[in-house]
Amino acid sequence: AQSVAQPEDQVNVAEGNPLTVKCTYSVSGNPYLFWYVQYPNRGLQFLLKYITGDNLVKGSYGFEAEFNKSQTSFHLKKPSALVSDSALYFCAVRDPGIYNQGGKLIFGQGTELSVKP
Amino acid sequence: SQTIHQWPATLVQPVGSPLSLECTVEGTSNPNLYWYRQAAGRGLQLLFYSVGIGQISSEVPQNLSASRPQDRQFILSSKKLLLSDSGFYLCAWKTGLSYEQYFGPGTRLTVT
């Protein structure tokens, strides 16, 4: 079955330190991968995507993600964390099913990022 | 630019009452539209999606239904709410050319 895993429920980082939020996937074929961020009581905001090409993808707000095919991972990174980065982060993969005409996404369970000053 | 609206922002309804949540998208044509529910502030559950007017696909059998009466309008309904229907309801859209979905601000539903 196609799936996305975010192995950490919570990640704690000090402001100014680099941050990593982990994501692994299991899908057939080439994965289309996404990261979203959600602030409390708000909708999800799209951060970045990997479809093809360079394994290092740059996105909004200084975030980037590295696609690693051999490790089936797509970890989200930022060189220097801000307190305002504290939020819930979701990894997602496009459902590769041949009947997925609707472009459905499979989401991970989310990782709560807490950045302390 | 494209924008997505959801209303109401919050709703408190008694068990057994009907429900109607609305989502509209501006600035695009023939989008794919999606309804998700997020319970307990975490995982997203896809409820319905639509690739065109009158075309609705249901992902989870339950007492909710969806309709798409116009190209950029998506409605989530229920005839009788259950306590378990409480949650944060999110509408999303994407164009036929893109892969990523864009989410609305959400509706917080509390069933009492």
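Data block above holds the structure.
Residues numbered from 1 in each chain as written. Chains lettered and ligands numbered in written order. Predicted model: local features only at pLDDT ≥ 70, side-chain atom pairs only at ≥ 80, totals over all residues. Heavy atoms only, no water.

Description of the packing of aromatic side chains
Under the convention used in this document: Any Phe, Tyr or Trp ring, taking Trp's six-membered ring, that has another such ring centre within 6.5 Å forms a pair; planes under 30 degrees apart are called stacked, those over 60 apart edge-to-face, and the others tilted. Strands are runs of DSSP state E lasting at least two residues, helices are runs of H or I lasting at least four, and both sets are numbered from the N terminus onward. Each residue gets one of three labels from its accessible area relative to the maximum for its type: buried under 20%, exposed over 50%, partly exposed in between, using a 1.4 Å probe on protein chains only.
Within the structure shown, the criterion is met by 17 aromatic pairs over all chains. Between the aromatic rings of Tyr50(A) and Phe67(A), the centroid separation amounts to 4.2 Å while the plane-to-plane angle is 20°, which identifies the pairing as stacked. You can see Tyr50(A) sitting in strand E6 (residues 44–50) and its partner Phe67(A) sitting in strand E8 (residues 64–68), a full 17 residues away along the chain. Under the relative-accessibility criterion, Tyr50(A) is labelled buried at 8%. Note on Phe107(A) and Phe103(B): the rings are 6.1 Å apart at their centroids and 80° apart in plane angle, and the pair reads as edge-to-face.

What about the environment of Arg42(A)?
As a reminder of what qualifies: The contact definition used throughout considers only heavy atoms, calling two residues in contact when any of these lie within 4.5 Å.
Here Arg42(A) lies in the loop between strand E5 (33–38) and E6. Non-local contacts of Arg42(A), meaning those with residues more than four positions away in its chain, are made with Phe88(B) and Pro105(B).

Section: the state of the cysteines
Disulfides are covalent bonds that link the sulfur atoms of two cysteine residues. Note the threshold: Counting rule for disulfides: a pair of cysteine sulfur atoms within 2.5 Å.
Counted by the stated rule, this structure contains 2 disulfides over all chains. With a sulfur-sulfur separation of 1.9 Å, Cys23(A) is cross-linked through a disulfide to Cys91(A). Of note, the bridge from Cys23(A) to Cys91(A) carries an S-S torsion of about -65° and is left-handed in sense. Taken together, the residues span a long stretch of sequence, with Cys23(A) in the loop between strand E3 (19–21) and strand E4 (24–26) and Cys91(A) in strand E10 (residues 87–94) at a distance of 68 residues. Taking the relative accessible area as the measure of exposure, Cys91(A) reaches 0% and is therefore buried. Paired through a disulfide, Cys23(B) and Cys91(B) show a sulfur-sulfur distance of 2.0 Å. Measuring handedness by torsion sign, the sulfur bridge of Cys23(B) and Cys91(B) sits at about -75° and is left-handed. In this pair, Cys23(B) sits in strand E3 (residues 19–26) while Cys91(B) sits in strand E9 (residues 87–94), placing the two residues 68 residues apart along the sequence.

With respect to the nonpolar core
In plain terms, the rule: Residues enter a nonpolar core if they are buried and are Ala, Val, Leu, Ile, Met, Phe, Trp, Tyr or Cys, with the set joined through side-chain atoms within 4.5 Å.
Counting residues in each nonpolar core, the largest one holds 28 residues, and the members touching the most others are Trp35(A), Leu47(A), Leu48(A), Phe74(A), Leu76(A) and Tyr89(A). Listed by contribution, the elements that provide at least two residues to this core are strand E2 (10–14), E3, E5, E6, E8, strand E9 (73–78), E10 and strand E12 (111–116) of chain A. Top element by residues in this core is E10(A). It accounts for 4 residues. Apart from residues no more than four positions distant in its own chain, Leu48(A) is found in contact with Leu33(A), Phe34(A), Trp35(A), Val57(A), Lys58(A), Gly59(A), Phe63(A), Glu64(A), Ala65(A), Phe74(A) and Leu76(A). Counting residues in hydrophobic clusters, the runner-up holds 20 residues, among them Leu11(B), Leu19(B), Phe48(B) and Tyr89(B).

So, the interface of chain A and chain B
Here is the rule we go by: When two parts are brought into contact, each loses some accessible area as probed by a 1.4 Å sphere; the total of that loss over both is the buried area. What makes a salt bridge here is a side-chain nitrogen of Lys or Arg within 4 Å of a carboxyl oxygen of Asp or Glu, nothing more. Distance and chemistry together define a polar contact, namely a pair of N or O atoms within 3.5 Å, with one atom able to donate a hydrogen and the other to accept it when in protein, and with adjacent residues in sequence counting only for side-chain atoms on both sides.
Residue-level contacts link 24 residues of chain A with 23 residues of chain B. Taken together, the two surfaces of chain A and chain B that pack against each other cover about 1900 Å², and 55% of this comes from carbon and sulfur. When the buried area of chain A at its contact with chain B is split by residue, Leu44(A), Gly102(A) and Lys104(A) rank highest and sum to 25% of it. Our count for the contact surface shared by chain A and chain B stands at 3 salt bridges. Across the salt bridge formed by Arg42(B) and Asp9(A), the nearest N and O atoms sit 3.9 Å from each other. At the surface where chain A touches chain B, the tally comes to 8 residue pairs in polar contact (both at pLDDT 80 or more). Residue assignment for the side of chain A that touches chain B shows that the elements contributing at least two residues are E5, E6, E10 and strand E11 (105–107) of chain A.

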